[in-house]
Amino acid sequence: MEFLYQRFWHSSVQREGDRFISARTMYTDSLVECAVELLVETTRLKILEAYWEKYGPPGDMADTREEIEPLKGIEAYLNQGPSLRQALQGLKDKMVRSLVNETVTSIVQAETFLFAERGYANAEDYSRAWERFYAGTCRYYSHLEQVEYSWSDYIGNQGRQTRLFDRFKSQHLHREPSGTYVVTGNLRDSFHHISLLLGFAAEDLRVERAEGSLMQVPDQVCRTSTIYLPELTGLDISAMNKKELAGRLGGSQGCVHLIDLVFDGVETLRYGLTRGS
């Protein structure tokens, strides 16, 4: 077995006093090390400060830190994609946008423990609001009639006060003696634990294997989203964009976190074969 490429992400959200939260995503792969950091107010989730950091490799390990001025005032929340893209269009490094998106999604997850500041009376009210707002968008919220545990049941009675959310992701690419490429991906955050394996043919990079496991999720209904993985077999998913890939993985009937892992896996294959091998 030949190991070719690896990638890691760590996102975190924590309180900074009573009025602010800080959110940060650190990324590193076989060639790059960088991070995005946001300071956000807790009531409206408006970005107050934003920074882009890069760290040099051995031999030239100097670090740089630049302010991302256009992000100030934008809400770090759902449906802000157009505003974020507009704010980041002048930046040359495409990794910035990716890490900003990772950081914003972490803030959305951390909102679970900010329900009071966000105007909800209690965790149950917050959970019910999400059932209305997010209905039909993923496996869980498309099958609420089958769900055994509400989100507030899953979280429990004791919310987090300081360290609100952490997410770790990893991706590894290696080549088997037969020539087959294998990507393994893992996601572990404060609410989920998901693992993925993708096998690609040596000749044309079509999918030969697609297996996954949702080891920790809010409800049993989430685990059924793996039924779409075998449908990737025989496809050249390296040629698909994320929207096409999500459609193959069930769209609103699938798991958004599993879709993200598969998309990360496709990028890992592409980057590994062009940068790491």
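Each remark here, short or long, concerns the structure printed above.
J.: When you look at the sheet that holds strand E8 (residues 193-200) in this model, what are you seeing that I'm missing?
T.: Strands pair in a sheet through their backbones, by hydrogen bonds, and they do so in one of two ways: parallel or antiparallel. Taken in spatial order, the 9 strands line up as E5-E4-E3-E2-E1-E6-E7-E8-E9 in an open sheet, and their pairing is antiparallel. Looking at the sheet topology across the chains shown, the edges are occupied by strand E5 (63-67) and strand E9 (207-216). Taking the axes of each pair of neighbouring strands and ignoring which way they run, one obtains an average angle of 10° across the sheet. Pairing between strand E1 (residues 2-16) and strand E2 (residues 20-29): 10 bridges, direction antiparallel. Counted as the bridge partner of Glu-16 is Phe-20 from E2. Of the strands in this sheet, E1, E2, strand E3 (33-41), strand E4 (47-55), strand E6 (163-175) and strand E7 (181-189) are in contact with helix H2 (residues 95-110), which crosses E3 at around 45°.

J.: What exactly am I supposed to notice about the pattern of salt bridges here?
T.: Close approach of charged atoms allows side chains of opposite charge to pair. If you walk through the whole model with that rule in mind, you get 21 salt bridges. In this structure, Glu-37 engages Arg-65 in a salt bridge whose closest nitrogen and oxygen atoms are separated by 3.7 Å. Here the residue Glu-37 occupies a position in strand E3, and Arg-65 occupies one in strand E5, the gap between them amounting to 28 residues. One salt bridge in this structure joins Glu-75 and Arg-118, with 4.0 Å as the shortest N-O distance. One end of the pair, Glu-75, is in the loop between E5 and helix H1 (81-88); the other, Arg-118, is in the loop between H2 and helix H3 (123-133), with 43 residues separating them in the sequence. Counted as one network, the salt bridges with shared partners bring together Arg-24, Glu-37, Glu-53 and Arg-65.

J.: I tried to follow the layout of surface pockets on my own but got confused; where do I start?
T.: Which parts of space are left empty comes out when a probe the size of a water molecule is rolled across the atoms. As a volume, the second largest pocket reaches approximately 230 Å³. Surrounding the second largest pocket, 17 residues form its lining, Thr-112, Phe-113, Phe-115, Ala-123 and Gly-159 being those nearest its centre. For the lining of the second largest pocket, the leading source of residues is helix H5 (residues 151-155), giving 3 residues. Tallied by class, residues from the lining of the second largest pocket come to 6 nonpolar, 7 polar and 4 charged.

J.: Quick question: what am I supposed to make of the environment of Glu-16 here?
T.: With respect to the helices and strands, Glu-16 occurs in strand E1. Put simply, Glu-16 and Asp-264 are 248 residues apart on the chain and 31 Å apart in space, counted from C-alpha to C-alpha. If we ignore the near neighbours within four places in the chain, the residues touching Glu-16 are Ile-21, Ser-22 and Leu-39. Separated by 3.2 Å, the side chains of Glu-16 and Gln-14 make a polar contact. Within the local environment of Glu-16, its side chain forms a polar contact with the side chain of Ser-22, the two groups lying 2.8 Å apart.

J.: Explain H1 here, please?
T.: Note on helix geometry: an α-helix contains 3.6 residues per turn, so any two residues three or four positions apart are oriented the same way. Among the residues of H1, those classed as buried are Leu-84, Ala-87 and Leu-88. End-on, the buried residues of H1 take up no more than an arc of 90°, which puts them together on one face. Facing away from the buried side of H1 by over 90 degrees, the exposed positions are Pro-82 and Gln-86. For H1, the secondary structure elements touched by its buried residues are H2.

Rules of the game
- Residues numbered from 1 in each chain as written.
- Predicted model: local features only at pLDDT ≥ 70, side-chain atom pairs only at ≥ 80, totals over all residues.
- Heavy atoms only, no water.
- Pairing = 2+ DSSP bridges.
- Helix = DSSP H or I, 4+ residues; strand = E, 2+ residues; numbered from the N terminus.
- Axes fitted to C-alpha atoms, helices over the stretch in contact; angles between N-to-C directions.
- Contact = heavy atoms within 4.5 Å.
- Salt bridge = Lys/Arg side-chain N within 4 Å of Asp/Glu carboxyl O.
- 1 Å grid on protein atoms, 1.4 Å probe; cavity = no way out; pocket = protein on both sides within 12 Å on 5 of 7 lines; lining within 4 Å.
- Points joined across faces, edges and corners; volume = space filled by probe spheres on them.
- Nonpolar A, V, L, I, M, F, W, Y, C, P; charged D, E, K, R; others polar.
- Polar contact = N/O pair within 3.5 Å; in protein donor to acceptor, adjacent residues only side chain to side chain.
- Buried < 20%, exposed > 50% of the residue type's maximum accessible area, 1.4 Å probe, protein only.
- Arc of directions from axis to C-beta.

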